[in-house]
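Structural overview for review
Residue-level listing of the chains:
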Amino acid sequence: MLTQRPRGMHDILPQEAFLWHEIEEAARRICARYGFSEVRTPILEHTELFQRGVGENTDIVEKEMYTFNDRGGRSMTLRPEGTAGAVRAYVEHKFYGGPQPVKWFYLGPMFRYERPQAGRQRQFHQFGVEVFGVADPAVDAEVIALGLDFVEDIGLKGLRLELNSVGCSQCRPVYRERLLAYYRPLREQLCEDCQGRLERNPLRLLDCKRETCKALAQRAPRIGEALCDECRAHDEGLHRHLDAAGIAYEINPRLVRGLDYYTRTAFEVVEEGIGAQGTVLGGGRYNGLVEELGGPSVPGIGFAAGLERLILALAQRRGEGASEAGVDVFGIALGDEASVELTGWLRRLRALGCRAERGFEGKSLKAQLKAADRLGARWALILGEEERRRGVVIVKDLTGGEQRELPALELESWWKETEHGTGR
């Protein structure tokens, strides 16, 4: 057991970590473009935060949370999602008293006790954004646009945006009664989970993945028919903003998401072909959540994207496995004094942005060149005792095979003039 990771936990090994860097850097780049600032909340929160924020009757709270009592007897939970913690931070630090909107993003691990499968792990990672303080449907459109720009920036194009309105506290009870009237006579045809949801959270019946439940959901009443005037106006306003931005979308009347806090806008970005878990990004509006968690009545909207699912989709799009990012320069020293001098050169090159590696333990020139090739190095810098005495270094192009001598004092200038250093 000491040498086996827990089920549903995944080691991110060096040969795939570069893909994670690409995605995280893209997230930060897109958020800066849209004016979002990073927030980092604790991985561990009081259990009540998720019970009240996510919803007592959700699968997350009922079945999936990692919850335990700490040494003080307090019930604590590893965060299963990011929005509740962000709202708690917004309320605790009284951001509602300052200029609105407040626009945050986060990156980090989440934890849910689920059955591991492709794109779903018990420890998983999310990139998410939250906007507090504005109810305008233009904000919904901006959040959706940010999410689409993000997935396109990392190389996932042509994904499907699905959209729905799940109403509000005024019109949702009306829809709930219509759902109950439809489903109660069909109770015995529902799966065991949905039979339990029927009275507690009937909207979740529309989201069940069992084939029999999906067939029943196709004929269920649609929430769009029960929307109040304000929710309908908000939904129509969002459609106009998306149309103006040239963003294509499909209305999915069965899209409800899995959390209780959603109001009005709900959306998902779907990638086909990555198994049962095809949603790579999803979110919506939560106008009552800040108040539910002890703050004033402040509207909010956000989304979260699962990094594991994004990486799975990227790997399938690229048609190849992950590979390391590569090395610019591999330093080879032949002799003890040459090794000491090489240490200084490589540090100065790294200060200029050069990705440099080197050989160790006095291995032969042939063995060190093999190591450089294995790492995908572009150049080798070779320094023997003879070159050291003459104040030169051999620069070998490992793609073409050409090599030349270069005065050691010109090494930094050489790097600046290379195609990597100048962008040529």
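Residues numbered from 1 in each chain as written. Predicted model: local features only at pLDDT ≥ 70, side-chain atom pairs only at ≥ 80, totals over all residues. Heavy atoms only, no water.

You'll find the protein entered in an unreviewed UniProt entry as Histidyl-tRNA synthetase, with Kyrpidia spormannii given as the organism.

1. Details of the overall build of the protein
Helix and strand counts for the protein stand at 16 helices and 16 strands. On the principal axes, the C-alpha backbone points of the protein span a range of 90 × 50 × 45 Å. Buried positions account for 50% of the 424 residues belonging to the protein. Intrachain contacts of the protein at a sequence separation of at least 6 include 69% that bridge at least 24 residues. (Helix = DSSP H or I, 4+ residues; strand = E, 2+ residues; numbered from the N terminus. Buried < 20%, exposed > 50% of the residue type's maximum accessible area, 1.4 Å probe, protein only. Contact = heavy atoms within 4.5 Å.)

2. Focus: the environment of Leu216
Note that Leu216 resides in helix H8 (residues 211-218). As a C-alpha pair, Leu216 and Leu190 span 26 residues in sequence and 8.4 Å in three-dimensional space. Among residues more than four places away in sequence, those in contact with Leu216 are Tyr182, Tyr183, Leu186, Gln189 and Leu190.

3. So, the sheet that holds strand S4 (residues 75-78)
Strand order in this open sheet of three strands is S2-S4-S3, and the pairing throughout is antiparallel. With one partner strand each, in any of the chains shown, strand S2 (44-46) and strand S3 (66-69) form the two edges of the open sheet. Neighbour to neighbour, the strand axes of the sheet diverge by 35° on average, direction disregarded. Here S2 pairs with S4 via three bridges, running antiparallel. Residue His46 lies in a different strand from S4, and its bridge partner there is Met76. (Pairing = 2+ DSSP bridges. Axes fitted to C-alpha atoms, helices over the stretch in contact; angles between N-to-C directions.)

4. Looking at the environment of Trp20
When you line up the elements, Trp20 lands in helix H1 (residues 14-34). Given the relative accessible area of 5%, Trp20 is considered buried. With 206 residues separating them along the chain, Trp20 and Ala226 place their C-alpha atoms 43 Å apart. Beyond its immediate sequence surroundings of up to four residues, Trp20 is in contact with Ile12, His125, Leu307, Glu308 and Ile311.

5. Details of helix H12 (residues 336-351)
In this model, H12 (16 residues) spans 24 Å end to end at C-alpha, consistent with the 22 Å of a helix rising 1.5 Å per residue. On the buried face of H12, the contacting elements are strand S12 (329-334), strand S13 (356-358), strand S14 (379-384), helix H14 (385-390), strand S15 (392-397) and helix H15 (411-417). Immediately downstream of H12, the backbone of Gly353 shows phi near 100°, a positive value. (Expected span 1.5 Å × (residues − 1).)

6. Things to note about helix H6 (residues 172-183)
For H6, built from 12 residues, the straight-helix expectation of 16 Å at 1.5 Å per residue is met to within 8% by its first-to-last C-alpha distance of 16 Å. Of all the positions in H6, only Tyr175, Leu179, Leu180, Tyr182 and Tyr183 are classed as buried. Viewed along the axis of H6, the buried residues span an arc of 160°, placing them on a single side of the element. Residues of H6 that are buried make contact with helix H7 (192-200) and H8. (Arc of directions from axis to C-beta.)

7. Considerations on empty space enclosed by the protein
Inspection of the entire model under this criterion finds two cavities of 30 Å³ or more. The volume enclosed by the largest cavity comes to roughly 50 Å³. Every residue along the wall of the largest cavity is listed here: Tyr175, Leu206, Ala217, Gln218, Ala220, Pro221, Arg222, Pro253 and Arg254. Class assignment for the residues of the lining of the largest cavity results in six nonpolar, one polar and two charged. The volume enclosed by the second largest cavity comes to roughly 30 Å³. As for the second largest cavity, its lining consists of Val39, Thr41, Arg79, Gly82, Ala86, Tyr106 and Met110. (1 Å grid on protein atoms, 1.4 Å probe; cavity = no way out; pocket = protein on both sides within 12 Å on 5 of 7 lines; lining within 4 Å. Points joined across faces, edges and corners; volume = space filled by probe spheres on them. Nonpolar A, V, L, I, M, F, W, Y, C, P; charged D, E, K, R; others polar.)

8. Observations concerning the confidence of the model for the protein
Taken residue by residue, the protein gives an average pLDDT of 90. The fraction at 70 or more is 95%. Counting interchain partners and residues more than four positions distant, the pLDDT-below-50 stretch residues 420-424 has 10 contacts. (pLDDT = per-residue confidence, 0-100.)

9. Examining the pairing of S15
Taking burial as the measure, the six residues of S15 include six buried ones, the bulk of the element. The pairing of S14 with S15 spans four bridges and is antiparallel. Residue pairing across strands places Ile382 opposite Ile394, the latter belonging to S15. Between S15 and the antiparallel strand that follows it, strand S16 (residues 403-407), lie five residues; Gly401 among them carries a positive phi value of about 95°.

10. Points about the packing of aromatic side chains
For any pair of aromatic rings, the description consists of the separation of the ring centres together with the inter-plane angle of the planes. For the coordinates displayed, the defined rule picks out 16 aromatic pairs. Aromatic side chains Phe95 and Trp104 sit 5.0 Å apart centroid to centroid with 85° between the ring planes, which places their arrangement in the edge-to-face category. Pairwise contacts between aromatic rings join Tyr90, Phe95, Tyr96, Trp104, Phe132, Tyr261, Tyr262 and Tyr286 into one cluster. The side chain of Arg122 reaches across the aromatic face of Tyr113, ending 3.9 Å from its centre. (Phe/Tyr/Trp six-rings, centres within 6.5 Å; stacked < 30°, edge-to-face > 60°. Lys NZ or Arg CZ within 6 Å of the ring centre and 35° of its normal.)

11. Some details on the packing of H6 against H7
Their axes nearest at 10 Å, the elements H6 and H7 cross at an angle of 140°. With respect to each other, H6 and H7 are oriented oblique. The two elements H6 and H7 meet at a crossing, and its hand is left-handed. Where H6 approaches H7, its residues Arg176, Leu180 and Tyr183 are matched on the opposing element by Leu198, Glu199 and Arg200. (Parallel < 35°, antiparallel > 145°, perpendicular 65-115°, else oblique. Left-handed = near helix turned anticlockwise from the far one by under 90°.)

12. Comments concerning the sheet that holds S16
Strand order in this open sheet of five strands is S13-S12-S14-S15-S16, and the pairing throughout is mixed. Of all strands in the sheet, those bounded by a partner on one side alone are S13 and S16. Sheet twist, expressed as the mean angle between neighbouring strand axes with direction ignored, is 25°. Against the sheet, H12 contacts S12, S13, S14 and S15, and its axis sits at roughly 165° relative to S13. In this fold helix H13 (residues 365-374) packs onto S12, S14 and S15, with an angle of close to 170° to the strand it touches most, S12.

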